[in-house]
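So you can see what is in the structure, the chains are spelled out below.
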Amino acid sequence: MKASVFHQHGGPEVLKYEDVPEPKPGSRDVVIQVKAAGCNYNDLWARQGLPGMKFDLPHISGSDAAGVVKEIGSEVTSVKVGQEVVVHPAISCRICEACTRGQEYFCRYFKIWGFQTGPLDGAHAEYARIPEANAVPKPARLSWEEAASIPLVLLTAWHMLVTRARLLPGEDVLVWGAGSGIGSIAIQIGKLIGARVIAVAGTDAKCEKAKALGADHVINHASQDVVAEVRKITNKKGVDVVFEHVGQATWERSIATMNWGGRLVICGNTTGFEAKTDLRFLFNKQLSLLGSHQGSKAELLEGLRLVEAGKIKPVVDRVIPLKDAAEAQRLMESRAQFGKLVLVP
Ligand SMILES: [Zn+2]
C-alpha cells in the first residue's frame, strides 16, 4: 500500500510517499481502508522528533482516520467488515482501574495512535490497523473528509471544557487559536454550553470565520491588545475560563485575563513550554490551572452524538492528496488554515 512515511526526523522533506506492507490485524484488531485522514500538530512533533521521546521508525503519522473496515481479527466481535468507522485515537489496555473508570488517559499503557505507535502504525496510509475498541461508528451525516477531521480535536476540546474546566452557562470563555482545528471546535462547544465565547485569532479573516462559527466576540491578537480587549468586553471582570493550547506565547496574557476564581485549561504548547506565572495572581485570585490530555472513548461518543445531531460542525479548511502530506505539514506550520487539513489516499 501507499503511505506517507518518514525514516528519520527532520523537516517536511523527510516525508516520503512510498510503498509499505499492508497492516495485518492482530486477534483483537481491525484493519480499515482509510478514506480520509486528519492532520494534527502531533504529526509535526513526531516528524521533527521530541527530546526525551523515542519514536519507532519508520513512522506513519496520523491520529485521525475515517474509513471502511476491511479485515477483522479472529476474536473481534463488535465490529463488522464493511462498517464505516472513525478512530478513538487513544490506545490503552481497557482493563485496568483507570481504563474501567473511563479515564483511559491515566492507563500506564496509554499511547496516542499514530503518534506514539509504530513502526508504520498511523492514519496517513491507504490502510491502517487499530484495536477493535478504538473503532467508533462514523457519524452518518458527515462526508469522509469531515469525519476524519473531527475525533481528536473534538475529544480534546470536550475533555478540556466539559470535564476539566466544567464550563457553565453564562460564563465567559476565552478561546485562543480560533483558527486552529481545536479552536474551531472549542468555540462551538462553548456556545452549546451557553457560555459567552471570546475568540482570538491572528487575522481579520480568521476572526470573521470565528464569528460565523458562533463566537460572541473576536479579538485579532496581531492588531489588538488581548488583555485590554477582554477587560473591555467583560467590564473589567475577566474571563471565567481560558482555553489554552498555545503555551509560552500566550500564557502570561491568559493569566492576566482571568476573573477571580477563574480556571485555565491547557492541552498543549504549540509555541513552547517555558511559561512565566506571576504567583501573586494565582493565590490572590484563587485561580485554577488545569492540565488536560486527550479524553475517553465515552467522551468522544458524547461529542459525536452532537455532531450527528448537527450541533457541532466539522471545520475542514482543505482536502489534500496523501502524496502531498509534506505540503499539508508546511501549511500547518505556517498557520495558514482555518480549521482542519485532511488528507485523502
Ligand atoms: Zn488501562
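Residues numbered from 1 in each chain as written. Predicted model: local features only at pLDDT ≥ 70, side-chain atom pairs only at ≥ 80, totals over all residues. Heavy atoms only, no water.

S.K.: Could you give me a rundown of the sheet that holds strand S2 (residues 16-19), with the residues and numbers involved?
M.R.: Overall, antiparallel pairing links the three strands, which are arranged S2-S1-S4 in an open sheet. Every other strand in the sheet has two partners, leaving S2 and strand S4 (59-60) as the edge strands with one partner each. Two elements, strand S1 (residues 2-6) and S4, share two bridges in a ladder whose sense is antiparallel. Looking across to S4, one finds that phenylalanine 6 is bridged to histidine 59. (Pairing = 2+ DSSP bridges. Helix = DSSP H or I, 4+ residues; strand = E, 2+ residues; numbered from the N terminus.)

S.K.: Describe the coordination of the zinc ion, and please don't skip the residues or the numbers.
M.R.: Donor atoms from the polypeptide that coordinate the zinc ion comprise Cys93 (SG), Cys96 (SG), Cys99 (SG) and Cys107 (SG), at 2.3 to 2.4 Å from the metal. Geometry at the zinc ion is tetrahedral, judged from its four donor atoms and the angles of 104 to 116 degrees they form at the metal. Look at where the donors of the zinc ion fall in the sequence and you get C-x2-C-x2-C-x7-C. Given the relative accessible area of 25%, cysteine 93 is considered partly exposed. With a relative accessible area of 25%, cysteine 96 lands in the partly exposed category. (Donors = N, O, S within 2.8 Å, 3.2 Å for Na, K, Ca; no water. Tetrahedral: all angles 85-135°; square planar, octahedral: opposite > 155°, others 65-115°. Buried < 20%, exposed > 50% of the residue type's maximum accessible area, 1.4 Å probe, protein only.)

S.K.: So what's going on with the pairing of strand S17 (residues 316-321)? Residues and values would help.
M.R.: Of the pairings in the sheet, the one linking S17 to strand S18 (residues 340-344) comprises five bridges and is parallel in character. Within S18, the residue paired with valine 319 across the bridge is valine 342. In this fold, S17 hands off to helix H11 (residues 325-333), which returns the chain to S18; that crossover is right-handed. (Right-handed = clockwise from strand over helix to strand, strands pointing away.)

S.K.: Outline the environment of isoleucine 112, listing residues and values.
M.R.: One can find isoleucine 112 in strand S8 (residues 111-112). The contact partners of isoleucine 112, leaving out residues within four places of it in the chain, are Asn42, Ser63, Pro89, Thr117, His293 and Gln294. (Contact = heavy atoms within 4.5 Å.)

S.K.: Requested: an account of the layout of surface pockets, with residues and values cited.
M.R.: Taken as a whole, the largest pocket holds about 810 Å³ of empty space. If you trace the largest pocket, you find 33 residues lining it, with Tyr41, Asn42, Trp45, Cys267 and Gly268 closest to the centre. Elements represented by at least two residues in the lining of the largest pocket include exactly helix H1 (41-48), helix H4 (151-164), helix H5 (181-193) and S18. Its residues placed into classes, the lining of the largest pocket shows 15 nonpolar, 17 polar and one charged. (1 Å grid on protein atoms, 1.4 Å probe; cavity = no way out; pocket = protein on both sides within 12 Å on 5 of 7 lines; lining within 4 Å. Points joined across faces, edges and corners; volume = space filled by probe spheres on them. Nonpolar A, V, L, I, M, F, W, Y, C, P; charged D, E, K, R; others polar.)

S.K.: Let's hear about the packing of H4 against helix H10 (residues 297-308): which residues, and what values?
M.R.: At a closest axis distance of 9 Å, the pairing of H4 and H10 adopts a crossing angle of 105 degrees. With respect to each other, H4 and H10 are oriented roughly perpendicular. Here Pro151, Leu154, Leu155, Trp158, His159 and Thr163 of H4 come into contact with H10, specifically with Glu299, Leu300, Glu302, Gly303, Leu304, Leu306 and Val307. Residue classes in the contact of H4 with H10 are distributed as eight nonpolar, three polar and two charged. (Axes fitted to C-alpha atoms, helices over the stretch in contact; angles between N-to-C directions. Parallel < 35°, antiparallel > 145°, perpendicular 65-115°, else oblique.)

S.K.: Account for the environment of isoleucine 266, naming residues and giving values.
M.R.: For isoleucine 266, the location among the structural elements is in strand S15 (residues 258-266). Distance from isoleucine 266 to phenylalanine 6, taken between C-alpha atoms, is 29 Å for residues 260 residues apart in sequence. Residue contacts for isoleucine 266: discarding those within four places in its chain leaves Met160, Glu244, Trp251, Leu290, Gly291 and Ser292.

S.K.: Quick rundown of the sheet that holds strand S16 (residues 288-291)? Include the residues and the values.
M.R.: Taken in spatial order, the six strands of this open sheet run S13-S12-S11-S14-S15-S16, and their pairing is parallel. At either margin of the open sheet sits one strand with a lone partner, and together these are strand S13 (217-220) and S16. Averaged over all pairs of adjacent strands, the angle between their axes in this sheet comes to 20 degrees, without regard to strand direction. Of the strand pairs in this sheet, S15 and S16 are connected by four bridges, and their pairing is parallel. Each residue of the ladder has a partner; that of arginine 263, found in S16, is serine 288. The strands touched by helix H6 (residues 204-212) are strand S12 (196-201) and S13; relative to S13, the strand with the most contacts, the crossing angle is about 165 degrees. Of the strands in this sheet, strand S11 (172-175), S12, S13 and strand S14 (239-244) touch helix H7 (residues 226-233), which is tilted by about 160 degrees from S13.

S.K.: Which residues make up empty space enclosed by the protein, and what values do they have?
M.R.: One pass over the structure, following the stated rule, counts one cavity of 30 Å³ or more. Considering only enclosed or pocket space, the largest cavity measures out at about 40 Å³ in volume. Around the largest cavity, the lining residues are Met1, Pro23, Ile60, Trp113, Leu120, Asp121, Gly122, Tyr127, Ala128 and Arg129. If you tally residues by element for the lining of the largest cavity, the top one is strand S9 (residues 127-131), at three residues. Residue classes in the lining of the largest cavity are distributed as seven nonpolar, one polar and two charged.

S.K.: Please give an account of the packing of aromatic side chains that cites residues and values.
M.R.: Enumeration over the complete set of coordinates arrives at three aromatic pairs. Taking 6.2 Å as the distance between ring centres and 35 degrees as the angle between the ring planes, the aromatic pair formed by tyrosine 41 and tryptophan 45 counts as tilted. Separated by four residues within a single helix, tyrosine 41 and tryptophan 45 lie in helix H1, roughly one turn from each other. In this structure tryptophan 45 comes out as partly exposed when scored by relative accessible area, which is 26%. Ring centres of phenylalanine 55 and phenylalanine 115 lie 5.6 Å apart, and the angle between their planes is 65 degrees; this geometry places the pair in the edge-to-face category. Of this pair, phenylalanine 55 sits in the loop between H1 and S4 while phenylalanine 115 sits in the loop between S8 and S9, placing them 60 residues apart in sequence. The two residues phenylalanine 55 and phenylalanine 115 agree in class, both being buried. One cation-aromatic arrangement involves lysine 70 over tyrosine 127; the distance from NZ or CZ to the ring centre is 4.8 Å. Positioned above the aromatic ring of tryptophan 260 is the side chain of lysine 285, whose terminal nitrogen or guanidinium carbon lies 5.9 Å from the ring centre. (Phe/Tyr/Trp six-rings, centres within 6.5 Å; stacked < 30°, edge-to-face > 60°. Lys NZ or Arg CZ within 6 Å of the ring centre and 35° of its normal.)

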